[in-house]
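Coordinate analysis (summary)
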Amino acid sequence: MSVPLRPSPSEALTIAGAIVRERYPGACFAFVAGSIMRGEGTNLSDIDLVIVFDALEAARRESFTFKGVPVEAFIHDPGTLAWFINDDAARGRPSILNMIAEGHAIGRALDRAETLRESVSIRLRAGPPALTQAELDVFRYEITDAVDDLRGERNVPERQAIGIMLYPKMAELALRGRGQWSGVGKWVPRLLAKNNQALGDRFDTAFRALFEAGQPDPVIALAESELAPHGGRLFDGDRRTAPANWRA
C-alpha cells in the first residue's frame, strides 16, 4: 500500500481497515477518528482507533507506525470501554467520547457501533457534571496561590513557569464553570474559542503578555474575573484532610 505523507480521510479509512484486518482480526468493530479524519491533519498527525472486542482480559493502548503512518489504538471490550467513558465524563474531559461520536465506524458489527455512538452522543450533548463545591474550592485555592506568586518579585523565567502551571487550571475553571467540556493540550485554546470567542481571545491576549513579555497583570486580572462567580479568591480557611490510610 502506497501511503502519502499526509493521508486524506478516505486514505486514512483504508489504512485503518487494513490495520484492523491485520492486527485485530477478532474485533467486532472500530471507530476511526482524529484530525486526519476531520480533514485537519498535518504530516505529523496520527490515526486514532477505538477497537472493540467481545471480551478482553484488560484494556490497553498501543502506539505504532503502519505503512509510515503513526497510529494510536485504544483496545477495549464493552465493559472496559464503559469504564473509560464514565471516567472521562466524570473528569469533564471527553476524549474517548469524542472519538466514538465523531469517528467513522468500521467492522462486522456496525449496528452495535451505531448504538454505542448514539448513546455517547446523547451523553456529550448533556454536558459534563457540574463541579462540586470541593472541586471549585481546589481551583480557587490553586489559582489564588499561583496569582499571588505572580504578584511577587519574580524574574521573567519564573513568571513564565508559573503561567505554564496556571493556564490549564484557569482554562478548566473557565470551561467547566460555564458547564462546558474541558480538555488538555492543544484542545484547550480550541475549546475556549469554540465555546466563547471573546473569552478565548482574552486568554490568548493575557497569556501572550505573560509568556512573551513577562507581564503578569492581564493574567492576574483574568484570573480574578474567572474566580469571581465562584466565590473569588480562596486562601484563609482552606483545609483538606488526607485519607487516614495515607501513611507509611
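Residues numbered from 1 in each chain as written. Predicted model: local features only at pLDDT ≥ 70, side-chain atom pairs only at ≥ 80, totals over all residues. Heavy atoms only, no water.

1. Let's talk about the packing of helix α6 (residues 156-176) against helix α8 (residues 197-213)
Which entries qualify depends on this criterion: Each axis is a line fitted through C-alpha atoms, taken for helices only over the stretch in contact, and angles between the N-to-C directions span 0 to 180 degrees. For the purposes of this entry, the term helix denotes a DSSP run of H or I that reaches at least four residues, the term strand denotes a run of E that reaches at least two, and both are numbered from the N terminus. An angle below 35 degrees is read as roughly parallel, one above 145 as roughly antiparallel, one from 65 to 115 as roughly perpendicular, and any other as oblique. By the convention used here, residues are in contact when the closest approach between their heavy atoms is within 4.5 Å. Just so you know the grouping, Ala, Val, Leu, Ile, Met, Phe, Trp, Tyr, Cys and Pro go in nonpolar, Asp, Glu, Lys and Arg go in charged, and all remaining residues, Gly too, go in polar.
Interhelical geometry of α6 versus α8 gives an angle of 170° and a closest axis separation of 10 Å. Here α6 lies roughly antiparallel to α8, going by the angle between them. Contacts between α6 and α8 pair Arg-159, Gln-160, Gly-163, Ile-164, Tyr-167, Met-170, Ala-171 and Ala-174 from the former with Leu-199, Phe-203, Phe-207, Leu-210 and Phe-211 from the latter. Taken together, the residues of the contact of α6 with α8 break down into ten nonpolar, two polar and one charged.

2. What to know about the packing of aromatic side chains
Going by this rule: Any two rings among Phe, Tyr and Trp, with Trp reduced to its six-membered ring, count as a pair given centres within 6.5 Å; such a pair is stacked if its planes are under 30 degrees apart, edge-to-face if over 60, and tilted if neither. Relative accessibility thresholds used throughout: buried, under 20% of the residue-type maximum; exposed, over 50%; partly exposed, between the two (1.4 Å probe, protein chains only).
Overall, the coordinates contain eight aromatic pairs when judged by the stated rule. Consider the rings of Tyr-167 and Phe-203, whose centres lie 6.0 Å apart with planes at 85°: the pair is edge-to-face. Note that Tyr-167 is positioned in helix α6 and Phe-203 in helix α8, a separation of 36 residues in sequence. You can call Phe-203 buried: its relative accessible area is 1%. Pairing Tyr-167 with Phe-207 gives two aromatic rings, centres 4.9 Å apart and planes at 85°, and the pair type is edge-to-face. Here Phe-207 lies in helix α8 and Tyr-167 lies in helix α6, a separation of 40 residues in the sequence.

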